[in-house]
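One-letter residues, chain by chain:
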Amino acid sequence: MKIAIASDHGGFNLKEQLKKYVESFGHEVIDLGCYSADRADYPDHGIACGEAVVKGEADRGIVVCGTGIGISIAANKVKGVRCALCTDPVMARLCREHNNANMLAIGERIVGIELAKGIVEAFLTTEAEGGRHAERVAKITAYDEARQ
Ligand code: RB5
């Protein structure tokens with residue numbers, strides 16, 4: 001898969017570590033910044049990553065900020081994005097199985113690197129379950145597509 005990845009300065013160090021981890025699965029990483037620990041605003045990078053996913057330039061997206069909150073809110077403003085903020089691998093598995101999340105958000109100041117790797121592994125290796133879950137996701141998509 002092609003995985004778009006982005007962060008603000010608060011998530012920069014974890015993003016850099018996760019890039020290598022994602023590549024270790026054989027995936028291609030598209031790094032949408034930021035590219036240093038200098039100030040970077042999470043809306044810019046969260047929205048850029050969301051747009052890469054919905055335009056089909058990437059299959060899934062991973063975004064990181066200090067808490068994961070701001071960048072997940074920003075990404076979820078992009079029509080078609082379902083970005084899940086996860087703090088453990090169970091949430092990451094369920095956001096794929098139940099919600100068919102196409103983006104994952106993590107907080108560098110919230111989880112350590114080993115936990116973050118477990119979250120990313122679950123996100124990348126779990127497929128959507130379909131069935132009743134797909135019917136619910138379809139309601140979100142219908143609302144999304146009807147809005148301006
Ligand atoms: C940046 O200091 C911090 O506010 C940001 O990374 C994030 O935690 C916001 O939600």
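Read on for an overview of the structure. (Residues numbered from 1 in each chain as written. Predicted model: local features only at pLDDT ≥ 70, side-chain atom pairs only at ≥ 80, totals over all residues. Heavy atoms only, no water.)

1. Remarks on the environment of arginine 82
Here is step 1 of the chain: Along the chain, arginine 82 falls in the loop between helix H3 (69–75) and strand S4 (83–85).
Here is step 2 of the chain: Sequence separation between arginine 82 and alanine 48 is 34 residues; the distance between their C-alpha atoms is 14 Å.
Here is step 3 of the chain: Ignoring sequence-local partners within four residues, the contact set of arginine 82 consists of Asn76, Asn99, Asn100, Ala101, Asn102, Met103, Val137 and Thr141.
Here is step 4 of the chain: From its side chain, arginine 82 meets the backbone oxygen of asparagine 100 in a polar contact 2.8 Å long. (Helix = DSSP H or I, 4+ residues; strand = E, 2+ residues; numbered from the N terminus. Contact = heavy atoms within 4.5 Å. Polar contact = N/O pair within 3.5 Å; in protein donor to acceptor, adjacent residues only side chain to side chain.)

2. Remarks on helix H5 (residues 113–125)
Here is step 1 of the chain: Spanning 13 residues, H5 covers 18 Å between terminal C-alpha atoms, matching the ideal 18 Å at 1.5 Å per step.
Here is step 2 of the chain: When H5 is considered as a whole, its buried residues turn out to be Ala116, Ile119, Val120, Ala122, Phe123 and Leu124.
Here is step 3 of the chain: Buried residues along H5 sit in contact with strand S1 (2–7), helix H1 (12–23), strand S3 (60–65), helix H4 (89–97) and strand S5 (103–107). (Expected span 1.5 Å × (residues − 1). Buried < 20%, exposed > 50% of the residue type's maximum accessible area, 1.4 Å probe, protein only.)

3. Focus: the packing of aromatic side chains
Here is step 1 of the chain: All told, the structure shown has 1 aromatic pair when counted by the stated rule.
Here is step 2 of the chain: Arranged with centres 5.1 Å apart and planes meeting at 90°, the rings of tyrosine 21 and phenylalanine 25 form a pair that is edge-to-face.
Here is step 3 of the chain: Phenylalanine 25 sits in the partly exposed class, given a relative accessible area of 30%.
Here is step 4 of the chain: Note that arginine 60 overlies the ring of phenylalanine 123, its terminal NZ or CZ placed 5.7 Å from the centroid. (Phe/Tyr/Trp six-rings, centres within 6.5 Å; stacked < 30°, edge-to-face > 60°. Lys NZ or Arg CZ within 6 Å of the ring centre and 35° of its normal.)

4. Some points on the sheet that holds S4
Backbone-to-backbone hydrogen bonds pair the strands of a sheet. The strands run either parallel or antiparallel.
Here is step 1 of the chain: The sheet built from 5 strands is open, its strands ordered S2-S1-S3-S5-S4 with parallel pairing. The strands lining the two open edges of the sheet, one partner per strand, are strand S2 (28–31) and S4. With direction set aside, neighbouring strand axes in the sheet form an average angle of 25°.
Here is step 2 of the chain: Judged from the 5 bridges that link them, S3 and S5 form a sheet pairing that is parallel. Considered in S5, the bridge of valine 63 is made with alanine 105.
Here is step 3 of the chain: Set on the sheet, H5 makes contact with S1, S3 and S5; between it and S5 the angle comes to about 175°. (Pairing = 2+ DSSP bridges. Axes fitted to C-alpha atoms, helices over the stretch in contact; angles between N-to-C directions.)

5. Some details on the side chain of serine 7
Here is step 1 of the chain: Relative to the elements of secondary structure, serine 7 occurs in strand S1.
Here is step 2 of the chain: For serine 7, a relative accessible area of 0% gives the class buried.
Here is step 3 of the chain: Excluding its chain neighbours within four sequence positions, the residues that come into contact with serine 7 are Phe12, Lys15, Gly33, Cys34, His45, Val64 and Ile71.

6. A few points about the nonpolar core
Here is step 1 of the chain: Leu18, Ile62, Leu104, Ile106, Val120 and Phe123 are the most contacted members of the largest nonpolar core, which totals 23 residues.
Here is step 2 of the chain: Those elements that provide at least two residues to this core are S1, H1, S3, H4, S5 and H5.
Here is step 3 of the chain: Examining the composition of this core, we find that 6 residues originate from one element, H5, more than from any other.
Here is step 4 of the chain: Core analysis: the second largest hydrophobic core is formed by 15 residues, Ala4, Ile71, Ala75 and Met103 among them. (Core = buried A, V, L, I, M, F, W, Y, C linked by side-chain atoms within 4.5 Å.)

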